[in-house]
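# What the coordinates show
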Amino acid sequence: MSLLHHTSDDAGLATAAPAVSLRGLTKSFGRDTVVDHLDLDIGKGEFFSLLGPSGCGKTTTLRMIAGFSDPSEGSIMVGGKNVTATPPHRRDVNTVFQSYALFEHLDVRGNVGFGLRRKGIDRRAIGQRVGEALELVQLADRAGSRPAELSGGQRQRVALARALVNRPQVLLLDEPLAALDLKLRRAMQVELKAIQREVDITFLFVTHDQDEALSMSDRIAIMNNGVIEQCGRPEDVYESPTSVFAAGFIGTSNLMPGTYADGSVAVCDGLRIPVPAGHGLGGGEQVSVAVRPEKIWLSELTPDMVRVPGTVVSSSYHGATTQYLVAIAPEVTLTVLEQNLPRMSPEDRWTPGSRVELGWLPEHAVLLR
Ligand SMILES: Nc1ncnc2c1ncn2[C@@H]1O[C@H](COP(=O)(O)OP(=O)(O)O)[C@@H](O)[C@H]1O
Ligand SMILES: [Mg+2]
């Protein structure tokens, strides 16, 4: 009875402690603060992405979590344990770097088992764990190959196996797919996500590629200038951006700046865009309305849509879609993405100069300050 009680208590505690907790995490180089008071909790088993432009502080954040760089301020917890002052090799994390330097003189098996041998683990156990890790990244048949004999994607997998073989609580991945060409990168994204599910290790994945973050992550933190602008599920950050930066960085966003008054935003003389209620604005504020290109319709408008007249400026065919630029005011041009349906012919597409009516559902307009 008491044992049972104890067990359920422990389980409760285990699920309560996040895999990674950052509190006020800050890094300054001289007068430059490049990571600025980050607060973040990453759940156990989560695939969490840190997404932001080059130079926003992603690598610096990972290096502090790994222990390669000391924070200027703040704390880092891994699995509920404060590791802020713990040396890197004593932290339960492993890193896959952007440049996955492999030992060229060792074969694949030797590269993957290297860390375990240094820890003094016995040979049989090493052999088994290396075998499992290679199985996981589908390289079991290349165990005896040298890195020079492998493709870029295979070398990447060796680096991944080398990190996973340590069974860390948290795996830090710093743009691990950036060096691969687009097709291979897409394939590796799917594979990496599947591996993460299988091993159930928390992944903290750094990327500047928004498609990559959207397709792989349970949650995404959008980082800019050392701070997190928005954090949420891919759907949340895409559908409901909370800042102009977030709206512009993830996907393409049509931004219509203007002045708010009485439930709509005056974009220019004679053009008012209605926006959903619940924003708490009084009137006179400078804001922007954002609408995603694929939420805008050019035909088959329904009565519940917001309607705006415009002129097609350009049309470009992308196979599955056609992208239009439509001017709705002298300074405001919207991007509209239309699916090319099976029955459509080239004549069905709008040509530059066409007068059109744009429509979108009121709830697809997001108000940004
Ligand atoms: N050791 C360092 N000394 C001085 N500045 C640095 C150092 N490391 C990084 N920085 C600066 O910190 C900022 C963030 O860098 P980084 O974390 O590498 O960005 P990201 O990985 O998002 O591209 C950059 O402006 C970079 O120049
Ligand atoms: Mg970086």
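How each quantity is defined
- Residues numbered from 1 in each chain as written.
- Chains lettered and ligands numbered in written order.
- Predicted model: local features only at pLDDT ≥ 70, side-chain atom pairs only at ≥ 80, totals over all residues.
- Heavy atoms only, no water.
- Helix = DSSP H or I, 4+ residues; strand = E, 2+ residues; numbered from the N terminus.
- Buried < 20%, exposed > 50% of the residue type's maximum accessible area, 1.4 Å probe, protein only.
- Contact = heavy atoms within 4.5 Å.
- Areas by Shrake-Rupley, 256 points an atom, 1.4 Å probe, with all protein chains shown as cover.
- Lys, Arg positive; Asp, Glu negative; His and termini not counted.
- Charge placed at Lys NZ, Arg CZ, Asp CG, Glu CD.
- Near = heavy atom within 4 Å.
- Polar contact = N/O pair within 3.5 Å; in protein donor to acceptor, adjacent residues only side chain to side chain.
- Nonpolar A, V, L, I, M, F, W, Y, C, P; charged D, E, K, R; others polar.
- UniProt positions renumbered as here; feature names shortened; annotations may be inferred.
- Pairing = 2+ DSSP bridges.
- Axes fitted to C-alpha atoms, helices over the stretch in contact; angles between N-to-C directions.
- Expected span 1.5 Å × (residues − 1).
- Arc of directions from axis to C-beta.

We now examine the overall build of the protein. Scanning the protein from N- to C-terminus turns up nine helices and 19 strands. When its C-alpha atoms are laid out on the principal axes, the protein stretches across 75 × 55 × 45 Å. Burial statistics for the protein: of 369 residues in total, 47% are counted as buried. Taking contacts inside the protein between residues at least 6 apart in sequence as the whole, the part at least 24 apart equals 65%. As presented, the protein carries roughly 18,600 Å² of accessible surface, and 51% of it is formed by carbon and sulfur atoms. In the protein, which carries 37 positive and 43 negative side-chain charges, the distance between the mean positions of the two groups comes to 9 Å.

Around ligand 1, the surrounding shell consists of Phe-29, Val-34, Pro-53, Ser-54, Gly-55, Cys-56, Gly-57, Lys-58, Thr-59 and Thr-60. Here Cys-56 contributes a backbone N or O atom positioned 3.2 Å from an oxygen atom of ligand 1. Bound to the protein, ligand 1 loses 54% of the 570 Å² it would expose on its own. Tallied by class, the residues present in the shell around ligand 1 amount to four nonpolar, five polar and one charged.

Under the feature "domain: ABC transporter" (unreviewed entry), the UniProt entry names residues 20-250. Counted over residues 20-250, helix gives 36% and strand 26%. Its end C-alpha atoms are 25 Å apart.

To continue, consider the sheet that holds strand E17 (residues 332-339). Strand order in this open sheet of four strands is E17-E16-E15-E18, and the pairing throughout is antiparallel. Both edges of this open sheet fall to E17 and strand E18 (355-360), since each of them pairs with a single strand only. This sheet shows a mean twist of 45 degrees between the axes of neighbouring strands, independent of strand direction. Here strand E16 (residues 321-329) runs beside E17; their pairing, made up of eight bridges, is antiparallel. Looking across to E17, one finds that Gln-323 is bridged to Leu-337.

Let us now look at helix H2 (residues 58-66). By the criterion of burial, H2 is predominantly enclosed, with seven of the nine residues buried. Within the span of H2, buried status applies to Lys-58, Thr-60, Thr-61, Leu-62, Met-64, Ile-65 and Ala-66. Positive phi appears at Gly-67, one or two residues downstream of H2, with a value of about 100 degrees.

This part takes up the sheet that holds strand E12 (residues 264-268). The five strands lie next to each other as E13-E12-E11-E14-E19, forming an open sheet whose pairing is antiparallel. Each having just a single partner strand, strand E13 (271-274) and strand E19 (366-368) make up the two edges of the open sheet. The average angle at which neighbouring strand axes cross in this sheet is 40 degrees, direction not considered. Pairing of E12 with E13, which is carried by four bridges, proceeds in the antiparallel orientation. Counted as the bridge partner of Ser-264 is Pro-274 from E13.

Since there are 3.6 residues in each turn of an α-helix, residues three or four apart along the chain are aligned in direction. Compared with an ideal rise of 1.5 Å per residue, which puts 14 residues at 20 Å, helix H4 (residues 123-136) spans 20 Å between its outermost C-alpha atoms and is within 8% of the ideal. Every buried residue belonging to H4 is among Ile-126, Arg-129, Val-130, Ala-133, Leu-134 and Leu-136, and all of these are buried. Along H4, the residues classed as buried sweep out an arc of 155 degrees about the axis, all on the same side. Residues Arg-124, Gln-128 and Glu-135 are exposed on H4 and point more than 90 degrees away from its buried face. Residues of H4 that are buried in the fold lie against helix H3 (108-118), helix H5 (152-164) and helix H6 (182-199). The backbone nitrogen of Arg-124 has a side-chain oxygen 3.1 Å away, supplied by the residue at the start of H4, namely Asp-122.

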